[in-house]
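# Coordinate inspection notes
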Amino acid sequence: MTGAPIDWPALRDRLSATASEQADEEPRRVAQILRQRARTAAQVPVKASDVPTLSVLTFGLAGETYALETKHVRQVFRLHRLTPLPGTPPHVAGVTNLRGNVLAVLDLRSFFDIPTRGLAEFDRVVVLGDPAHGGFGLLTDSIDGVRALPVGELAANLPTLGGVRARYLIGVTASAVVVLDGAKLLADPGLKVDAVRGRTGAV
């Protein structure tokens, strides 16, 4: 059985039309790809240096990790001598001599009502502000070091951090670093030890 004869001229016309359509489509597709690449190239990549960060000093306290912005930290040192100060609140651990200035040393565990968890050396001191102008030291279990903390990692106040701590909280990271507001701590009159302000000499 033989089929109808092939209409070669008509077939050539159809192939020619298809080739023409493909030729027209190719520039459009290339132009679309180039436009997409241009849009991608126009997007400025976010560099690590462009991410807002806080420079913080991290330290251990009662089994937890805390942090303070380094702009509020004067220095850190190991405490060798602490003199109790009668008549002061429980969170005032005592005073020590820091290069001729009487430095009040505070116990945040008592101030924040944090339960003690096991044994700790508790002899590292973080000095906030200027000791000659109302600054004070904070007793810590350990000094972990300075790090840049992306602001975006900080969560808002968490229900588990209520009470006094919540008033001095900047935020908490996903790794449970509690970032305290050094400015609020320094401005709190309840953390000032007026009895020793301005005194100098050995204690």
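All residue numbers here refer to positions counted from 1 along the written sequence of the relevant chain. In keeping with the predicted nature of the model, local features appear solely for residues at pLDDT of at least 70, side-chain atom pairs appear and are counted solely at 80 or more, and the whole-chain, interface and lining totals rest on all residues. Remark: hydrogens and water are excluded; side-chain values derive from all non-hydrogen atoms of the structure.

## Regarding the overall build of the protein chain
Threshold: Runs of E in the DSSP output that reach at least two residues are strands. Runs of H or I that reach at least four are helices, and both are numbered from the N terminus. Any pair of residues with heavy atoms lying within 4.5 Å of one another is described as a contacting pair. In this description, accessible areas are obtained by the Shrake-Rupley approach with a 1.4 Å probe, and a residue is regarded as covered only by the protein chains that are shown.
Counting its regular elements, the protein chain contains four helices and 10 strands. Element order for the protein chain, N to C, with α for helix and β for strand: α-β-β-β-β-β-α-β-β-β-α-β-β-α. Pairs at least 24 residues apart make up 59% of the contacts formed inside the protein chain by residues separated by at least 6 positions. Only carbon and sulfur atoms are counted for the fraction: they give 56% of the accessible area of the protein chain, which is about 12400 Å².

## Things to note about the nonpolar core
So the rule is basically this: Only buried Ala, Val, Leu, Ile, Met, Phe, Trp, Tyr and Cys residues count toward a nonpolar core, and they belong to the same one when joined by side-chain atoms within 4.5 Å. Only protein chains enter the accessibility calculation, which uses a 1.4 Å probe. A residue is then buried if its area is under 20% of the maximum for its type, exposed if over 50%, and partly exposed in between.
Counting residues in hydrophobic clusters, the biggest one holds 38 residues, and the most contacted among them are Leu-68, Phe-112, Leu-128, Phe-136, Leu-180 and Leu-185. When neighbours within four sequence positions are excluded, Leu-128 is seen to be in contact with Leu-68, His-72, Val-73, Gly-135, Phe-136, Leu-138, Leu-185 and Leu-186.

## Observations regarding the side chain of Asp-107
Within the secondary structure, Asp-107 sits in the loop between strand S5 (101-106) and helix H2 (108-111). Ignoring sequence-local partners within four residues, the contact set of Asp-107 consists of His-91, Ala-93 and Phe-122.

## Observations regarding the packing of aromatic side chains
To keep things clear, this is the line we draw: Pairing of aromatic rings covers Phe, Tyr and Trp, the last through its six-membered ring, and needs centres within 6.5 Å; plane angles under 30 degrees mean stacked, over 60 mean edge-to-face, and all others mean tilted.
Using the criterion set out here, one finds four aromatic pairs in the structure. On the basis of an interplanar angle of 20° and a centroid distance of 6.1 Å, the ring pair of Phe-59 and Tyr-66 is categorised as stacked. Both residues of the pair, Phe-59 and Tyr-66, count as buried. Aromatic pair Phe-111 and Phe-112: ring centres 5.6 Å apart, planes at 45°, arrangement tilted. Each member of the pair, Phe-111 together with Phe-112, is buried. Grouping aromatic residues by their ring pairs yields a cluster made of Phe-111, Phe-112 and Tyr-168.

## Quick look at the sheet that holds strand S8 (residues 142-150)
Rule in force here: A pair of strands is treated as paired once DSSP finds two or more bridges between them. Orientation is described by axes fitted as lines to C-alpha atoms, over the contacting stretch for helices, and by angles from 0 to 180 degrees between their N-to-C directions.
Strand order in this open sheet of five strands is S8-S1-S2-S10-S9, and the pairing throughout is mixed. For this open sheet the edge positions go to S8 and strand S9 (169-172), each flanked by a neighbour on one side alone. Put simply, the sheet's adjacent strands are angled 30° from each other on average, direction ignored. Here strand S1 (residues 53-61) runs beside S8; their pairing, made up of eight bridges, is antiparallel. By the bridge assignment, Gly-60 is partnered in S8 with Ser-142.

## Structural notes on the side chain of Asp-181
Using the following cut-off: When charges are counted, Lys and Arg are positive and Asp and Glu negative, with His and the chain ends excluded. Put simply, a salt bridge is a Lys or Arg side-chain nitrogen that is within 4 Å of an Asp or Glu carboxyl oxygen. Counting of polar contacts relies on pairs of N or O atoms within 3.5 Å, with two restrictions inside protein: one atom must be capable of donating a hydrogen and the other of accepting it, and residues adjacent in sequence are counted only when both atoms are side-chain atoms.
Tracing the chain through its elements places Asp-181 in the loop between strand S10 (177-180) and helix H4 (182-187). We note that Asp-181 is buried and unpaired, the nearest opposite charge coming from Lys-184 at a distance of 4.5 Å. For Asp-181, the side chain forms a polar contact with the main-chain nitrogen of Ala-183, separated by 3.1 Å. Ignoring sequence-local partners within four residues, the contact set of Asp-181 consists of Tyr-168 and Ile-170.

## A word on the sheet that holds strand S7 (residues 136-140)
The five strands lie next to each other as S3-S6-S7-S5-S4, forming an open sheet whose pairing is mixed. Whereas interior strands pair on both sides, the edge strands pair on one side only; in this sheet they are strand S3 (73-78) and strand S4 (92-98). Taking each pair of neighbouring strands and ignoring which way they run, the sheet shows an average axis angle of 30°.

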